[in-house]
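Per-entry structural report
Each chain, letter by letter, is given below.
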Amino acid sequence: MARILVTGGTGYIGSHTTVELMQAGFDVVIVDNLMNSNVGVLDGIEAIVGRRPDYENIDCVDYVALDKLFEKYADIEGIIHFAAYKAVGESVEKPLQYYRNNINSLVNLLELMPIHKVKNIVFSSSCTVYGQPDAAHLPVNENAPIQPALSPYGNTKQICEEIIHDTIHATPNINAIILRYFNPIGAHPTALIGELPNGVPNNLLPYVTQTAAGIRPELRIFGNDYDTPDGTCIRDYIDVVDLAKAHVVALKRMLTNKQEGNEEIFNLGTGRGLSVMEIVETFKRVNNVDVPYKIVERREGDIEKVWADPTRANKVLGWKAERNTEDTLRSCWKWQLRLNEAK
Ligand code: UDP
């Protein structure tokens, strides 16, 4: 089976994708500098799969180190590029760090691909590129207009998509699939891997589970005066294992030359929008735990409502989000309990 390079493979989505790749028979080499993850994740992956992925502590901004990596693992046939900074607020404070890291990493990989005869790359993008779609574009499909980015983080995703587009135009033997994720949540059903937020979580689910666990006194719900049925924001929450599986399908599609043209873009979501309040209430009910919360001011830069039209991924990739929200929210809690035990 082919060997795949997974950058950011010890991170949240990267680790779940590594598991799915290895279970599908691929060999994986992970490149990660552990800036937002830890090496113990490799033990979790090994415990699930029964095999350990190769691992190299490399920063993807380091062209020379990456060049050597491709020499060492001469059988790499595809890349899944997750490694990136992803905190919206931090990107506003430190824009240059975000531009340097997120853009240079991708440029290095794209430059090295033809040199080392690697043809296929999957890129992690985000529904943030759509901004707030107007009513006519909800649910949002891949043809909806790209809106000006609201943060340097969002801008790096747009710029990286453009870099891929221009590179493929000039280098026709590179294939790319751009995956635009909606809101990934949940953990592996074994609770051996999951999300490891660094410090105070920014994202909703880690905050909910930490509040339920008593680590945070209460959840703050950012605004209940939006134009939505219960006034709280709506998102498309997709299970991280479903999301991981889409990467395997995308890679296989490229490796077996099934692509239409050499650049494709897919939305990865469930097609269903849920409000913050629905998530919190469902989490409480299925796990039988309390989550104290209070409604506070809106968070700056939040989008009111966005959810995916995943028809293209469903039809062309033959992939569909399968896990129901209740099970996903149970997996979030199971993972939090495991983290509590490990303390
Ligand atoms: N949210 C919240 N309290 C929190 C974190 C998030 O009410 O502590 C809300 C946020 O306003 C948004 C939704 O939960 O409506 C999802 O936020 P998250 O940061 O997880 O993802 P985003 O869609 O902003 O990337």
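Quick summary incoming for the structure in this document. (Residues numbered from 1 in each chain as written. Predicted model: local features only at pLDDT ≥ 70, side-chain atom pairs only at ≥ 80, totals over all residues. Heavy atoms only, no water.)

Some thoughts on the sheet that holds strand β3 (residues 54-56)
For clarity, the cut-off: In this scheme, strands are said to pair when DSSP sees at least two bridges between them. The numbering of helices and of strands both runs from the N terminus, where a helix is a DSSP run of H or I of at least 4 residues and a strand a run of E of at least 2. In this description, a line fitted to the C-alpha atoms serves as the axis of each element, helices being fitted only across the stretch in contact, and the angle between N-to-C directions of two axes falls anywhere from 0 to 180 degrees. Pairs of residues are marked as contacts when any of their non-hydrogen atoms sit within 4.5 Å.
Across the sheet, which stays open at both edges, the seven strands sit in the order β3-β2-β1-β4-β5-β6-β11 with parallel pairing between neighbours. Here the strands that pair on one side only, and so sit at the sheet edges, are β3 and β11 (263-268). Adjacent strand axes in the sheet meet at a mean angle of 20 degrees, parallel and antiparallel pairs treated alike. Of the pairings in the sheet, the one linking strand β2 (residues 27-31) to β3 comprises three bridges and is parallel in character. Residue pairing for β3: Ile30 is matched across the bridge by Tyr55. Set on the sheet, helix α3 (residues 63-72) makes contact with β1 (3-7), β2, β3 and β4 (76-81); between it and β4 the angle comes to about 140 degrees.

Some words on the environment of Ile76
To be explicit about the condition: A 1.4 Å probe rolled over the protein chains alone gives each residue an accessible area, and that area as a share of the maximum for its type sets the label: buried under 20%, exposed over 50%, partly exposed in between.
Within the secondary structure, Ile76 is located in strand β4. Judged by its relative accessible area of 4%, Ile76 falls in the buried class. Spatially, the C-alpha atom of Ile76 lies 47 Å from that of Thr228, the residues being 152 residues apart in sequence. Contacts of Ile76, omitting those with residues within four sequence positions, involve Arg3, Leu5, Val29, Leu69, Phe70 and Val118.

Considerations on the nonpolar core
Selection criterion: Among buried residues, those of type Ala, Val, Leu, Ile, Met, Phe, Trp, Tyr and Cys that are joined through side-chain atoms within 4.5 Å constitute a nonpolar core.
Ranked by size, the top nonpolar core spans 37 residues in total, and within it Leu21, Leu268 and Trp319 carry the most contacts. Those elements that place two or more of their residues in this core are β1, α1 (12-23), β2, α2 (41-49), β6 (175-181), α8 (240-255), β11 and α10 (311-317). If you tally residues by element for this core, the top one is α8, at eight residues. Residues within four places of Leu21 in sequence aside, it is in contact with Ile4, Val6, Phe26, Val28, Ile80, Val248 and Leu251. Core analysis: the second largest hydrophobic core is formed by 29 residues, Val31, Leu69, Leu112 and Met113 among them.

Re the environment of Gly14
Note on placement: Gly14 falls in helix α1. The exposure class assigned to Gly14 is buried, which follows from its relative accessible area of 2%. Along the primary structure Gly14 and Ala83 are separated by 69 residues, whereas in three dimensions their C-alpha atoms are 8.3 Å apart. Apart from the residues lying within four places of it in its own chain, the contact partners of Gly14 are Val6, Gly8, Gly9 and Phe82.

Some points on the pattern of salt bridges
Stated precisely, the cut-off is as follows: Salt bridges are counted wherever a side-chain nitrogen of Lys or Arg sits within 4 Å of a carboxyl oxygen of Asp or Glu.
Enumeration over the complete set of coordinates arrives at 21 salt bridges. With its nearest N and O atoms 2.6 Å apart, the salt bridge here joins Arg180 to Glu161. Here the residue Arg180 occupies a position in strand β6, and Glu161 occupies one in helix α6 (residues 152-170), the gap between them amounting to 19 residues. A relative accessible area of 3% places Arg180 in the buried class. Taking the relative accessible area as the measure of exposure, Glu161 reaches 8% and is therefore buried. When the shortest N-O distance is used, the salt bridge between Arg298 and Asp225 registers 3.0 Å. Remark: Asp225 occurs in the loop between β8 (219-222) and β9 (234-235) and Arg298 occurs in the loop between β13 (293-296) and α10; sequence separation between them is 73 residues. Judged by its relative accessible area of 42%, Arg298 falls in the partly exposed class. For Asp225, a relative accessible area of 52% translates into the label exposed.

Brief notes about the site of the ligand
Let me state the cut-off plainly: In these notes, residues near a molecule or strand are those with any non-hydrogen atom within 4 Å of it. Pairs of N or O atoms within 3.5 Å make up the polar contacts considered here, provided that, within protein, one atom can donate a hydrogen while the other can accept it, and that residues adjacent in sequence are counted only when both atoms are side-chain atoms. All accessibility values rest on the Shrake-Rupley procedure with a 1.4 Å probe; residue burial counts only the protein chains present in the view. For this classification, the nonpolar set comprises Ala, Val, Leu, Ile, Met, Phe, Trp, Tyr, Cys and Pro, the charged set comprises Asp, Glu, Lys and Arg, and every other residue, Gly included, is treated as polar.
Residues in close proximity to the ligand total 15 residues, the closest being Leu204, Arg220, Arg235, Arg299 and Asp302. Side-chain polar atom of Asn203 to an oxygen atom of the ligand: 3.2 Å apart, as the coordinates give it. Taking Arg299, its side chain carries an N or O atom lying 2.9 Å from an oxygen atom of the ligand. Considered on its own, the ligand offers 520 Å² of accessible surface; in the complex 86% of this is hidden by protein. Of all elements in the fold, only α7 (204-212) and β8 reach the threshold of two or more residues within the shell around the ligand. Take the shell around the ligand: its biggest share by element is four residues, from β8. Split by residue class, the shell around the ligand holds eight nonpolar, three polar and four charged.

Topic: the pairing of β8
Here β8 shows a buried face lined by Leu219 and Ile221 and an unburied face lined by Arg220 and Phe222. Inspection of the sheet shows β8 paired to β13 by four bridges, in the parallel sense. Across the sheet, residue Leu219 finds its bridge partner in β13, namely Tyr293.

Here's the deal with the state of the cysteines
Definition in use: Disulfides are defined as pairs of cysteine sulfur atoms found within 2.5 Å of each other.
Taken as a whole and assessed by the stated rule, the structure comprises zero disulfides. We note that Cys127 lacks a disulfide partner, and the nearest cysteine sulfur, in Cys233, lies 12 Å from it. Given a relative accessible area of 5%, Cys233 falls into the buried group.

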